[in-house]
Amino acid sequence: MNPPAQSPAAAAPAPTTRPLRGQLGTYLGLAAVLIGMVVLFSSLSEYFFTAETFITIANEVPALTVMAVGMTFVLIIAGIDLSVGSVLALSAAVTAAAILQWKLAVPAAAALGLATGLLCGAVTGAVSVAWRLPSFIVSLGMLEAVRGGAYLVTDSRTQYVGDAIAGLAAPWIGGVSSAFVVAVAIVIVGHLVLTRTVFGRHVVGIGTNEDAMRLAGIDPRPIRIAVFAVTGLLAGLGGLMQSARLEAADPNAGAGIELQVIAAVVIGGTSLMGGRGSVINTFFGVLIIAVLEAGLAQVGASEPAKRIITGAVIVAAVIIDTVRQRRAGAA
């Protein structure tokens, strides 16, 4: 008698179920790049290797970190979400309007901002799934529509909320903000969801072979919508974090940040083709981008030079990852 066929959800390996040596090698490789950059910039600037520099970096990355966690799941299902920057702006704008105009309590206003992000992500996912459209196109349309919503809510002006939600950016441990601690906690939760839950295995299975998932009796549609909805929710949280740090909601906030988010995820080794990725590696990618930007700023690099160098690093990361995949496939 033939053994029962194993479902793709069970058979598809989660990104961190590779042999421990392979996982450790990836972590060490990214850590080595990060340490190498710190050493390089420390040798170029006497002010780089200081507690103040690292605290500043830690306090600037929470929004990018939580959004990159969501984008990791999106890329693993072979999707993409270009609207996260606009969702960040709209969620922050709704929160500010709820506090300043609608006189809601801060917790209720924050919940409304998060719900806005969740709704935007769910709409992107639902439209993409319902009409079988590429998420690239749908999220590109959402990028414009949601940005327009941010301008409408704020009347095209920056809304100053003062210290109403500043607690999220307040120094907590050694000058590091509570937002950074929350971001690290979300990285840990995201890693556990992706590697230790049925939902995570389904996400990987969809990115690996969606048709096989359907044949196994698993409907990918609600999972896809859920992934985009959670990504929108995390973008909304990023909006709260940024507003707390700046004490204001700017309708132009987050413009272009979607490229940084995708870059961090790709540098962390998540495949643009789907089926493979790691939240921990994404966090390394976030730190690499943050250290690179801080270091280039301290050594006095011009804005064009910073863009060229950052772009070259991203392309190099993709090339290295592609070569590694081909070698692994040949082995």
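Notes on the structure follow. Quick caveat, the model's predicted, so the values are computed rather than measured. (Residues numbered from 1 in each chain as written. Predicted model: local features only at pLDDT ≥ 70, side-chain atom pairs only at ≥ 80, totals over all residues. Heavy atoms only, no water.)

### A look at the overall build of the protein
Counted only if it meets this: Only runs of H or I of at least four residues qualify as helices and only runs of E of at least two qualify as strands under DSSP, and these elements are numbered from the N terminus. For the radius of gyration, the atom set is restricted to C-alpha positions; the globular benchmark scales as 2.2 Å times the number of residues to the power 0.38. Only protein chains enter the calculation, and the probe is 1.4 Å; a residue is then buried if its accessible area is under 20% of its type maximum, exposed if over 50%, and partly exposed in between. Any two residues having at least one pair of non-hydrogen atoms within 4.5 Å are treated as being in contact. Throughout, the Shrake-Rupley method with a 1.4 Å probe supplies accessible areas, and for residues the shown protein chains are the sole cover considered.
Within the protein, the regular secondary structure consists of 13 helices and four strands. Taken against the 2.2 N^0.38 rule, which gives 20 Å for 331 residues, the C-alpha radius of gyration of the protein at 20 Å falls within 12% of a compact globule. In terms of overall dimensions, the protein has C-alpha extents of about 70 × 50 × 35 Å along its principal axes. In the protein, which comprises 331 residues, the share counted as buried stands at 49%. A separation of at least 24 residues holds for 77% of the contacts in the protein among residues at least 6 apart in sequence. Summing over all exposed atoms, the protein offers an accessible surface of approximately 15,600 Å²; the carbon and sulfur share of this is 68%.

### Section: the packing of helix H5 (residues 84–100) against helix H10 (residues 220–246)
Our working definition: All axes are obtained by fitting lines to C-alpha atoms, using only the stretch in contact for helices, and the reported angles, taken between N-to-C directions, cover 0 to 180 degrees. Angular relationships are summarised with four words: roughly parallel below 35 degrees, roughly antiparallel beyond 145, roughly perpendicular across 65 to 115, and oblique for the angles in between. A crossing counts as left-handed when the near helix is turned anticlockwise from the far one by less than a right angle, and as right-handed when that turn is clockwise. Basically, the charged four are Asp, Glu, Lys and Arg, the nonpolar ten are Ala, Val, Leu, Ile, Met, Phe, Trp, Tyr, Cys and Pro, and anything else, Gly included, counts as polar.
Packing of H5 against H10 leaves a shortest axis separation of 7 Å and a crossing angle of 60°. Comparing the axis directions of H5 and H10 gives the class oblique. The way H5 lies across H10 gives a crossing that is right-handed. On H10, the residues touching Val84, Val87, Leu88, Ser91, Ala92 and Thr95 of H5 are Thr231, Gly232, Ala235, Gly236, Gly238, Gly239, Leu240, Gln242 and Ser243. The class makeup of the residues in the contact of H5 with H10 is six nonpolar, nine polar and no charged.

### Comments concerning the nonpolar core
Convention followed: Grouping buried Ala, Val, Leu, Ile, Met, Phe, Trp, Tyr and Cys residues that are joined through side-chain atoms within 4.5 Å yields what is termed a nonpolar core.
Ranked by size, the top nonpolar core spans 74 residues in total, and within it Met67, Met71, Val203 and Val291 carry the most contacts. It is helix H12 (residues 279–298) that provides the largest number of residues to this core, a total of twelve residues. Other than its neighbours up to four places away in sequence, valine 203 contacts Phe73, Ile76, Ile77, Leu194, Ile223 and Val227. With nine residues, the next largest nonpolar core counts Ala96, Ala98, Ile99 and Ala109 among its residues.

### Topic: the packing of aromatic side chains
Quick reminder of the rule: Any two of the Phe, Tyr and Trp rings considered here, Trp counted by its six-membered ring, make a pair once their centres fall within 6.5 Å; the pair's planes then place it as stacked at under 30 degrees, edge-to-face at over 60, or tilted in between.
As enumerated under the stated definition, the model contains three aromatic pairs in all. Centroid distance phenylalanine 48 to phenylalanine 54: 5.9 Å. Interplanar angle 80°. Geometry classified as edge-to-face. Under the relative-accessibility criterion, phenylalanine 48 is labelled buried at 0%. Note on phenylalanine 54: relative accessible area 31%, which makes it partly exposed. Members of the aromatic cluster, joined through ring pairs, are Phe41, Phe48, Phe49 and Phe54.

### Concerning unusual backbone geometry
Unusually for a residue other than glycine, lysine 103 sits at a positive phi of about 55°. Counting through the fold element by element, lysine 103 comes out in the loop between H5 and helix H6 (106–130). Its relative accessible area of 64% is what places lysine 103 among the exposed residues. In the Ramachandran plot, serine 156 falls in the positive-phi region, its phi being about 60° despite a non-glycine side chain. When you line up the elements, serine 156 lands in the loop between helix H7 (135–154) and strand S1 (159–160).

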